[in-house]
Amino acid sequence: MSLKLYEPFERTAADFPDRIAIVDPARSQEVSYGRLDRLADGLASDLTRLGVAAHQRVGIYAPKSIPAVAAILATLKTGGAYVPVDATAPVSRGVEILSDCGVSAVVAERSLVEALRSACGTELQLSESAVASELAELGCDLVLLACEKSEPSAIADLAYVLYTSGSTGKPKGVMHTHSSARSFLDWCVEVFDPTPNDRFSSHAPFHFDLSILDLFVPLGRGAAIVLIGEEDGKNPLRLAPLISQQGISVWYSTPSVLRLLIEHGGLERYDVANLRLVLFAGEVFPPGQLRRLQRVWPDRQYFNLYGPTETNVCTFYEVIGEIPPDRVDPYPIGKPITEDRALVLDSLRPVPSLEEGELLIHGGTVMAGYWKRPELEAAAFYIDDEKRKWYRTGDIVKENEDGDYVFLGRRDRMIKRRGYRVELGEIETVLYRHPDVREAAVISVPDKSAGLHVRAFVCWSGVGRGSTIALKRFCAERLPLYMIPDSFMFLEQLPKTSTDKVDYVRLRRLDD
Amino acid sequence: MSDLPGNQAAIRKAAREYILTEFLPGEDPSALTDSTPLITGGILDSIASVKLVSFLEERFGVRFEAHEVSVDYLDTLDGIVGTVERKLK
């Protein structure tokens, strides 16, 4: 029986109560293991009082802060599963997620409650936490909101539900259990060998799956977490000095953030003697930029971690040695981690070795399923002759001669933007809600700096010509920032195929 | 620097043109007003904000503090002009 996610943390807290668990540089706060455990216990009692128990979900709607981590631990201690919601995204999206997941309580920052209440349209019973004043001192004034009782999770052992972009315009909840998360975390401990002297960056927001490593690896080993808030995380001028001042030893983020640091952070000005490990995941890291990073941060271990939210990290590749100056191909996503097996199929049929096909993953780190979306879940898994479940990643790969998998592209319309998954169909669904949009189609094209540019084509039925500003604002009120198209092109009508579907091939040509 | 109103107009013109060319290709220039929300309105993301700041720093010989690359200082043309102008004084 594997440990629950919070159990290694509780052990550390009992053995070394005075050790620092979390540092929050933006608020000049820190918390010891002992105190964090006590606060989490306090919040767990509050939640239990509200009726939260095993098989229930609890929403976390608060900025990144020490109290938000306490709320996550508290939820797990009650036996419930936490559902972290992006407090910087439009509140309507947050409410959509919380209600889809049928949370029985929300731990929210007090200042966000009004917006949440009015967007909800129902009465939410507000109650104060017994440890409220201590939490407020630590920089986040949390309150508890009781929601209507909803059905228990069908999955025993559910630990968290992370929502990602859905192609039909509705975000979908990826369910992970204590056991699927632990499979991944145990592997991290084995390969990265964290010690109590390590200081881990926590760059990813808690609703993003990179945060699972950031939070639970250090907490299980008595290391310190350095929280990086939403604002600072996007600002290279702040991030670069922070890595140095905070003595970060393990850095983990998307390549986008590292590229922002290389190009605008003035990295060479800061001493990062403590840094030993640089981990990145979520998208392709162009070798040219990785080489520039290696030059400023030489002699560190660099790992490319790969895995959709549905599988945690399932393959990995260590970039060893200096990157040759003529290398233009991105590094492979590597080999499966200890817990997982990989398979390459083309239309669910085996491919000859070293040929391309879709990557499927089976093993301990794979999700339990999607929250209440049986049709999506059925499509996401392939069941083999031995009744084993394989998650279909949708990523097209091929194996190279070293046995490493190389990422080649997608089989559908999902893209990665700053490491986040974006379904182009979800953006189209939002555009269609605009009263003056008759038709809309969204594509992505490579941009100058090796990222992706999202372009929307719109048929405008309103008065005058279509306005990019108006449409960007409309999207900003309904979508997270990373999903807003970079540019809009207005057309009389969209090109169609013979079956009257949007002709994306011709749209692409229009773009050239 | 002398001639402050002239400065203000120059900053506004330069910032406007940069935003229109870089981040709003094809947009009717008159749709971008001095109070159009740029960051909260989805026009400037984090990378765009950093690019705009680099441009302003170079063009006007000023330096932005790290905390100024944020919605508090860059959300409207008025805000941008005010921030650069204070630095020139």
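Fair warning: this is a prediction, and the values are worked out from it, not measured in the lab.

About the thresholds
Residues numbered from 1 in each chain as written. Chains lettered and ligands numbered in written order. Predicted model: local features only at pLDDT ≥ 70, side-chain atom pairs only at ≥ 80, totals over all residues. Helix = DSSP H or I, 4+ residues; strand = E, 2+ residues; numbered from the N terminus. Rg over C-alpha atoms; globule rule 2.2 N^0.38 Å. Buried ≥ 20, exposed ≤ 12 C-beta atoms within 10 Å, placed from the backbone. Contact = placed C-beta atoms within 7 Å. Domains from an automatic or database assignment. Nonpolar A, V, L, I, M, F, W, Y, C, P; charged D, E, K, R; others polar. Pairing = 2+ DSSP bridges. Axes fitted to C-alpha atoms, helices over the stretch in contact; angles between N-to-C directions. Core = buried A, V, L, I, M, F, W, Y, C linked by C-beta atoms within 7 Å. pLDDT = per-residue confidence, 0-100. Right-handed = clockwise from strand over helix to strand, strands pointing away.

### Brief notes about the overall build of chain A
So, step 1. Tallying secondary structure elements over chain A gives 16 helices and 28 strands in all.
So, step 2. For chain A, whose C-alpha radius of gyration is 23 Å, the value lies close to the compact-globule estimate of 24 Å for 512 residues.
So, step 3. With the C-alpha coordinates of chain A rotated into their principal frame, the extents come out at 65 × 55 × 55 Å.
So, step 4. In chain A, buried positions account for 53% of the 512 residues.
So, step 5. By sequence separation, contacts in chain A at least 24 residues apart represent 68% of the contacts at least 6 residues apart.

### A closer look at the domain arrangement of chain A
So, step 1. Each assigned domain of chain A is listed with its residue range as follows: domain 1 (7-233), domain 2 (339-410) and domain 3 (414-511).
So, step 2. Once you take the C-alpha centre of each, domain 2 of chain A and domain 3 of chain A turn out to be 29 Å apart.

### Let's talk about the interface of chain A and chain B
So, step 1. With 20 residues of chain A in contact, the opposing surface of chain B contributes 21 residues.
So, step 2. Where the side of chain A that touches chain B is concerned, the elements lending two or more residues are helix H10 (236-245), helix H11 (255-264), helix H15 (468-476) and strand S28 (487-490) of chain A.
So, step 3. Per element, the largest residue contribution to the side of chain A that touches chain B is 6 residues, and it comes from H15 of chain A.
So, step 4. Taken together, the residues of the side of chain A that touches chain B break down into 9 nonpolar, 5 polar and 6 charged.

### Considerations on the environment of Asp141 of chain A
All names here are of chain A.
So, step 1. Among the structural elements, Asp141 can be located in the loop between helix H6 (132-137) and strand S7 (142-146).
So, step 2. Put simply, Asp141 and Leu471 are 330 residues apart on the chain and 35 Å apart in space, counted from C-alpha to C-alpha.
So, step 3. The contact partners of Asp141, leaving out residues within four places of it in the chain, are Glu109, Arg110, Leu135 and Ala136.

### Quick word on the sheet that holds strand S26 (residues 437-446) of chain A
All names here are of chain A.
So, step 1. Strands sit in the order S26-S27-S28 across an open sheet of 3 strands; the sheet is mixed. Edge positions in the open sheet fall to S26 and S28, since each of these has one partner strand only. Across this sheet, the average inter-strand angle for adjacent strands is 25°, counted without regard to direction.
So, step 2. Here helix H14 (residues 424-432) sits on the sheet and contacts S26 and strand S27 (452-460); the angle it forms with S26, its principal contact strand, is near 150°.

### Here's the deal with unusual backbone geometry
All names here are of chain A.
So, step 1. Even without being a glycine, His55 presents a positive backbone phi close to 70°.
So, step 2. For Asp193, which is not a glycine, the phi torsion comes out positive at approximately 45°.
So, step 3. For Asp193, the location among the structural elements is in the loop between helix H7 (178-192) and strand S10 (199-202).

### Looking at the nonpolar core
Proteins that are soluble and globular tend to have nonpolar side chains buried together.
Residues and elements named next belong to chain A.
So, step 1. Counting residues in hydrophobic clusters, the biggest one holds 154 residues, and the most contacted among them are Ile60, Ala62, Ala70, Ala71, Val83, Ala105 and Val107.
So, step 2. By residue number, the principal contributor to this core is helix H3 (residues 66-77), which donates 9 residues.
So, step 3. Shared between two domains, this core holds at least three residues of each, these being domain 1 (7-233) and domain 2 (339-410).
So, step 4. Ranked by size, the runner-up nonpolar core spans 26 residues in total, among them Ile427, Trp460, Ala476 and Leu479.

### Re the confidence of the model for chain B
So, step 1. Model confidence for chain B is summarised by a mean pLDDT of 91, while 94% of its residues fall at 70 or above.
So, step 2. Reported confidence for the predicted complex is 0.87 by ipTM and 0.90 by pTM.

### Some words on the pairing of strand S13 (residues 277-281) of chain A
Residues and elements named next belong to chain A.
So, step 1. With 4 of 5 residues buried, S13 is to be regarded as a mostly interior element.
So, step 2. Bridge count between strand S12 (residues 250-253) and S13: 4 bridges; the pairing is parallel. Looking across to S13, one finds that Ser253 is bridged to Phe280.
So, step 3. Crossover connection from S12 via H11 to parallel S13: handedness right-handed.
So, step 4. Note that S13 and strand S14 (residues 301-306) share 5 bridges and pair parallel. Across the sheet, the residue bridging to Val278 is Tyr302, located in S14.
So, step 5. In the classification by handedness, the crossover that spans S13, the intervening helix H12 (residues 287-296) and the parallel S14 is right-handed.

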